[in-house]
Amino acid sequence: MRIEPESVIATGTVVLRPWCAGDVEALTAIYSDPLSAQYIEVPQPYDAAQATEFVRRSTRSRAAGTTFHYAVTLPGADTVVGSAYLHDRAPNEAATHVSYLIHPNHRGRGLATAALIGLTEAALSAGFLRILARIETGNRASETVAAKAGFAVLWSNDEETCWHKTATNAST
């Protein structure tokens, strides 16, 4: 069964939409942030060629129904402020992981929380039963975002904590 969230998700605070070729400069800046580089697995330094390939891959993965990448933008201006995506879908169950990242110039304004809430609600509405957020130990900002978005701790170890949100019609 193919589960696919809407391609454009509007929350009022942010709009999530597919990445496009015109976003390469913004994507490069987002993934080049030294603080974020501690918690994300992208090559550093991150450059325009890598961002261009990422945009191409994100289009292919959406078409295949395996990963759903979104540019997080501000409504009206279409200014790219971050990235959010659903990935690592469990093949035999309706569960997926979510990741999110906001550019440092736009942090502290609730944009990550709005993006996570919007993407999670869209994923659950599309038929996913559980959304997981695996957060590396020490990444307090991401833990705060997950908690504000209604996620709860599922398990924790020395390296990471797994947060989750489950559809109301699913068993935990």
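Structural data are supplied above this passage.
Residues numbered from 1 in each chain as written. Predicted model: local features only at pLDDT ≥ 70, side-chain atom pairs only at ≥ 80, totals over all residues. Heavy atoms only, no water.

Novice: Explain the overall build of the protein chain to me, and be specific about the residues and the numbers.
Specialist: Counting its secondary structure elements, the protein chain contains five helices and eight strands. Each helix and strand of the protein chain, ordered N terminal to C terminal, gives the series β-β-α-α-α-β-β-β-α-β-α-β-β. For 172 residues, the compact-globule estimate of 2.2 N^0.38 gives 16 Å, and the C-alpha radius of gyration of the protein chain, at 15 Å, lies within 12% of that figure. Across its three principal directions, the C-alpha atoms of the protein chain cover 45 × 35 × 30 Å. (Helix = DSSP H or I, 4+ residues; strand = E, 2+ residues; numbered from the N terminus. Rg over C-alpha atoms; globule rule 2.2 N^0.38 Å.)

Novice: With reference to specific residues and values, describe the packing of helix α1 (residues 24-31) against helix α3 (residues 48-64).
Specialist: Packed helices, taken two at a time, are described by the angle between their axes plus the distance between the axes. Contact geometry of α1 with α3 gives a least axis separation of 9 Å together with a crossing angle of 110°. Judged by the inter-axis angle, α1 sits roughly perpendicular to α3. α3 is crossed by α1, and the crossing has right-handed handedness. Contacts between α1 and α3 involve Val24, Leu27, Thr28 and Tyr31 from the first element and Ala48, Ala51, Thr52, Phe54 and Val55 from the second. In terms of residue class, the contact of α1 with α3 is made up of seven nonpolar, two polar and no charged. (Axes fitted to C-alpha atoms, helices over the stretch in contact; angles between N-to-C directions. Parallel < 35°, antiparallel > 145°, perpendicular 65-115°, else oblique. Left-handed = near helix turned anticlockwise from the far one by under 90°. Contact = heavy atoms within 4.5 Å. Nonpolar A, V, L, I, M, F, W, Y, C, P; charged D, E, K, R; others polar.)

Novice: Run through the sheet that holds strand β4 (residues 80-87), naming residues and quoting values.
Specialist: Ordered by their spatial adjacency, eight strands build an open sheet running β1-β2-β3-β4-β5-β6-β8-β7, and the pairing between neighbours is mixed. Lying at the two open borders of the sheet, with one neighbouring strand each, are β1 (9-10) and β7 (152-156). The pairing of strand β5 (residues 95-102) with strand β6 (residues 130-136) spans three bridges and is classified as parallel. Note on β6: the bridge partner recorded for Ala95 is Arg130. The strands touched by helix α4 (residues 111-126) are β1, β2 (15-17), β3 (68-73), β4, β5, β6 and β8 (160-166); relative to β5, the strand with the most contacts, the crossing angle is about 160°. Sheet strands in contact with helix α5 (residues 140-148) are β5, β6 and β8, and its direction is about 15° off that of β8. (Pairing = 2+ DSSP bridges.)

Novice: Lay out unusual backbone geometry with the relevant residues and their values.
Specialist: Put simply, Gln44 and Pro45 share a cis peptide bond, and its omega is 0°. Despite not being glycine, Asp78 shows a phi value in the positive range, around 55°. By relative accessible area, Asp78 is classed as partly exposed at 41%. (Buried < 20%, exposed > 50% of the residue type's maximum accessible area, 1.4 Å probe, protein only.)

Novice: An account of the pairing of β7 is requested, with residue identities and associated values reported.
Specialist: Here β7 runs beside β8; their pairing, made up of four bridges, is antiparallel. Bridging from a neighbouring strand, Trp155 pairs with Cys162 of β8.

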